[in-house]
Amino acid sequence: MLLARTILGNIASGSFQLEVDFLQLEWFDTTKKIIRAITVGGREIGFKNLSSRQLSDGDVLYRDEKAGFYIAVKILPCSCLVFRANGPKQMAYACFEIGNRHVPVFINDRQEVITAFEKPLFDLLCRRGLEPTIETRVIEKTSTLVIHQYTSGKMKIKLGL
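Read on for an overview of the structure.

### Section: helix α1 (residues 88–100)
Compared with an ideal rise of 1.5 Å per residue, which puts 13 residues at 18 Å, α1 spans 18 Å between its outermost C-alpha atoms and is within 8% of the ideal. All of the buried residues along α1 are Q90, M91, A94, C95, E97 and I98. Relative to the axis of α1, the buried residues are bounded by an arc of 160 degrees and lie together on one face. Facing away from the buried side of α1 by more than 90 degrees, the exposed set consists of P88, K89 and F96. Buried residues belonging to α1 abut β8 (78–83), β10 (113–116) and α2 (119–127). After α1 finishes, the residue H102 shows a positive phi value of roughly 55 degrees.

Written as C-alpha cells, this is what we have:
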C-alpha cells in the first residue's frame, strides 16, 4: 500500500508531467481525514489528510518519480439540485429548508445554489417557486456554511471559503 499525508499540489497547475492514476471519490468523501482506497490503475493508497482543507478535484496525493506516476483525486459527478434565488429572502428560505434536512449547501461563483439531489427537497423547492433543475455535476468545494466552534450557549457560524 502507498502512504501519503499531504496534498502535493493540483494537476491544474500543469507542473506534473508523469502518468496520472486517478483516485475516484464521491463528493462527501473529500472531507474525510483518512482514506484507504484503490485507484483506477489498481494501486492501493492510504491517505491521511494532515491539512485543514478538504480535497479538491485534481489534488495530487502521491508522486513516484522513479516509477513514473502520480495519484490525483477525481471527484465523481452526481445528481444535483441547482437553482438561483431571486433575492435575499428567497435565498434565506432555500438555505433554511435545505439546512433543516442537514444537507450541505454549496454556492458557486455564479451564485448558483447546489445540493445533492433529494426528491422531497426538489418537490418542496418547486412548490416554493424556486425552479430547481436536476443536473449531473461534480460537487466541489465552493462556499459552504460551517460551524467552527461549539461552546455552551455560543456557536460561531461563518461562511467557509
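On we go.
### Digging into the packing of aromatic side chains
Under the defined criterion, the tally for this structure stands at 4 aromatic pairs. Ring centres of F117 and F122 lie 6.2 Å apart, and the angle between their planes is 50 degrees; this geometry places the pair in the tilted category. Assessed through its relative accessible area of 30%, F117 is described here as partly exposed. Owing to a relative accessible area of 16%, F122 belongs among the buried residues under this scheme. Here the aromatic cluster, defined as three or more aromatic residues joined through ring pairs, consists of W27, F28 and F106. Lying across the ring of F69, R43 places its NZ or CZ 3.6 Å from the centre. The positively charged end of K74 is found above the aromatic ring belonging to F22, 5.9 Å away from the centroid.

Reading guide: rules and limits
Residues numbered from 1 in each chain as written. Predicted model: local features only at pLDDT ≥ 70, side-chain atom pairs only at ≥ 80, totals over all residues. Heavy atoms only, no water. Helix = DSSP H or I, 4+ residues; strand = E, 2+ residues; numbered from the N terminus. Expected span 1.5 Å × (residues − 1). Buried < 20%, exposed > 50% of the residue type's maximum accessible area, 1.4 Å probe, protein only. Arc of directions from axis to C-beta. Contact = heavy atoms within 4.5 Å. Phe/Tyr/Trp six-rings, centres within 6.5 Å; stacked < 30°, edge-to-face > 60°. Lys NZ or Arg CZ within 6 Å of the ring centre and 35° of its normal.

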